[in-house]
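Inside the fold
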Amino acid sequence: MKTAIIQSRFTRAMVGLSVLAALTFPVLSAAADPYHIQTGNPAGNYQIDPVHSMVSFTVGHLGVSELVGRFDTISGSFSLDSADSTQARVSVQVPIDSLDTNFAQRNKDLLGPDYFNATQFPTMSFVSTKVQWQSRNAGLLTGNLTLHGVTRPVTFNLRRIGAGPDPWGGYRSGYIATATIKRSDFGMNYMLNGISDSIAVQLNIEGKRQ
Amino acid sequence: MNLFPSAVMTSLLLQTVVWPMLVVTGGMALGVGALRRMLSSRTLPLTGALTIGTAMLTAYYLIYGKFTFPPVQALDWIPMLIAGTLPVFAIDDLTGFGKGLRFGLQAATVIVAAVLLLQPVLVQLRLVQAAMILIAVSALWLAAWIYFDRHARHNANSGMTLLIVSAGTALVSVLTGSTLLGQLGGALAAVLGAWLLWNWPRSHILLGHAGTAVVVMTLGSVLLAGRFYSAMPLRINALLLVALTANVPVTFILQRYRRNPDGPLAVVLTGVAALLPVALAVVLTVLYYLPQGDG
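Structure report, in brief. Every chain is numbered independently, its residues counted from 1 as its sequence is written. Chain letters and ligand numbers both follow the written order, the letters beginning at A and the numbers at 1. The predicted nature of this model means local features are confined to residues of pLDDT at least 70 and side-chain atom pairs, given and counted, to a pLDDT of 80 or more, with totals for whole chains, interfaces and linings taken over all residues.

1. Describing the nonpolar core
For the record, the criterion: The nonpolar core criterion groups buried Ala, Val, Leu, Ile, Met, Phe, Trp, Tyr and Cys residues into a set whenever they are joined through C-beta atoms within 7 Å. With C-beta atoms placed from the backbone, a residue is buried if 20 or more other C-beta atoms are within 10 Å of its own, exposed if 12 or fewer are, and partly exposed between those counts. It is the C-beta atoms, placed from the backbone, that decide contacts: two residues are in contact if theirs lie within 7 Å.
Within the largest apolar cluster, 120 residues are counted, with the highest numbers of intra-cluster contacts made by B:M56, B:V191 and B:V214. Setting aside residues up to four positions removed in sequence, B:V214 forms contacts with B:A49, B:I52, B:G53, B:M56, B:I82, B:T85 and B:L86.

Encoded structure:
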């Protein structure tokens, strides 16, 4: 009698576990999925997510190395639908004093009158004027870059990373834009023999669809 | 032993010290040798002023790489201020303005210069705060100018004071984060040094109204830029301003002991007196404001 009861409980427990496993299988299998690029429709207006976006730059130092710096704060919006280039637009604002080169004294030097002069020119901005898609995920982003009180046209190589839903019910897309500018074009002429004139700029943006 | 293995360091020294000193020396040789014979004795201070002005403009161009016109950033105004004040006060040296006219021109110049240099900062402040800063800066600048205009025209003491303060400003600027301002301050010190050396051992040498204008404009601009656009602390700025008054106690003491207040001894003592607050400013900067590392 006692053995029969135990067997019955064991059977019920096994059946219960099997049902639970069957119900949670899709979730468990999804968690085991490798990282993959989302290939959703990128159309729409996006607000830049500042905590998943940044501007970084690489500049030559004394002809012996390349130093990387970044701006930690960024804001703006974009709409980059490769199906309709005429509606494409990108607008980015970067506070200069969010600069970080991993060394406080260098940050201070760069923010001063020798280079960025952040007191007089507290913001760097980019506003697109034209987007030319060369493939579904790559193109040229042209616009006006305002830096150090000077506005000049700059063309970035644009690469779409992906677009798709996020885990919180929203929809996101992300891009990387790269360009090389000359700081002397923006009136930053000081010490061109020690710090390179050419600066590689990279803009990583992730936006949340509005 | 190669003292300057770095091309960058070599060019810094050439831009800041060597070329400005060469321009002063060449300019004085040319001016004293040729112009003085051609014109009247009034051209002697004018020679110094033109030489110092040309040397500072040369130094600015070598250091910053260009003159930007119309100016984009505040520092772009520095060569414009030098080039603008030099001819006005050169006319003063040649014709002798009345005291009222000179004062009026000096006051107008410092107000315009303060507005041009500080406008980007002032527009970020409330009106009352901006007005107070503008008034304080203009008043200090004008007071320094009038003081040096009275003294620098007659003796080398003021030249020595300005040299020491310029050198101190250069050092403090570099330590607090602006090599550019350091170079401009250093160039001014080099220019004054070359001018004093050229005239050595004479202590009655004429900087003239125009020469004083160039020096006061340059030094004032560098000090203002250091305070408002770089990270030069107010107390360090104040110490450098205090150093500008070094020849007041020296003159007082020498007169009290019936010694020549304009002689070579006065020049040396003035230099020492100016060096004390400047040295204190440098020491305080190193102790309290110098971050670690070498950028």
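2. Overview of the packing of helix α3 (residues 77-95) of chain B against helix α4 (residues 99-122) of chain B
Residue and element names in this part refer to chain B. Test applied: The axes used here are C-alpha line fits, helices contributing only the stretch in contact, and every angle between their N-to-C directions lies in the interval 0 to 180 degrees. What counts as a helix is a DSSP run of H or I of at least four residues, what counts as a strand is a run of E of at least two, and both are numbered from the N terminus. Our angle categories are set so that under 35 degrees counts as roughly parallel, over 145 as roughly antiparallel, 65 to 115 as roughly perpendicular, and the remainder as oblique. Polarity classes work like this: nonpolar for Ala, Val, Leu, Ile, Met, Phe, Trp, Tyr, Cys and Pro, charged for Asp, Glu, Lys and Arg, and polar for all others, with Gly in that last group.
Viewed as axis vectors pointing N to C, α3 and α4 meet at an angle of 175°, and their least axial separation amounts to 11 Å. Judged by the angle between their axes, α3 and α4 are roughly antiparallel. Here α3 contributes W77, L81, T85, V88 and D92 to the contact with α4, which in turn contributes R102, L105, T109, A113, L116 and L117. In terms of residue class, the contact of α3 with α4 is made up of seven nonpolar, two polar and two charged.

3. Focus on unusual backbone geometry
Cis rather than trans, the peptide bond between B:F69 and B:P70 has omega equal to -5°. Topologically, B:P70 is positioned in the loop between α2 (43-64) and α3. Positive phi is not limited to glycine here, since A:N117 has a value of about 50°. Its place among the elements puts A:N117 in the loop between α2 (104-111) and β7 (123-133). For A:H148, which is not glycine, the phi torsion reads 60° and is therefore positive. Along the polypeptide, A:H148 turns up in the loop between β8 (138-147) and β9 (150-165).

4. So, helix α10 (residues 247-256) of chain B
All names here are of chain B. For clarity, the threshold we go by: Working definition: the arc comes from the directions between the helix axis and the C-beta atoms, pointing outward to the latter.
Taken together, the buried positions of α10 are occupied by N247, V250 and L254. For α10, the angular spread of the buried residues around the axis is 60°, confining them to a single face. Exposed and facing more than 90 degrees away from the buried side of α10 are P249, F252, Q255 and R256. Just beyond α10, the residue with positive phi is R258, at close to 55°.

5. Considerations on the environment of A:N193
You can see A:N193 is positioned in the loop between β10 (171-182) and β11 (195-209). Sequence-wise, A:N193 and A:S98 are 95 residues apart; in three dimensions their C-alpha atoms are separated by 26 Å. A:N193 has contacts with B:A7, B:V8 and B:S11, leaving out every residue within four places of it along the chain.

6. Things to note about the pairing of β9(A)
Residue and element names in this part refer to chain A. We count it as follows: When DSSP finds two or more bridges between a pair of strands, those strands are recorded as paired.
For β8 and β9, the ladder comprises 10 bridges, and the chain directions are antiparallel. Within β9, the position partnered with L147 by the bridge is V150. Hairpin geometry of β8 and β9 is characterised by an intervening segment of two residues between the two adjacent antiparallel strands and by a positive phi of about 60° at H148.

7. A word on the interface of chain B and chain A
Counting residues at the interface gives 26 residues for chain B and 22 residues for chain A. Going through the elements one at a time, α1 (7-38), α4, α7 (179-199) and α8 (208-228) of chain B are the ones with two or more residues in the side of chain B that touches chain A. For the side of chain B that touches chain A, a count of residues per class yields 15 nonpolar, 10 polar and one charged.

8. Topic: helix α5 (residues 127-151) of chain B
Quick reminder of the rule: Any helix carries an expected span of 1.5 Å times its number of residues minus one.
Look at α5(B): 36 Å from first C-alpha to last across 25 residues, which is about the 36 Å you get at 1.5 Å a residue. Among all positions of α5(B), only B:V137, B:S138, B:W141, B:L142, B:A144, B:W145, B:F148, B:D149 and B:H151 are buried.

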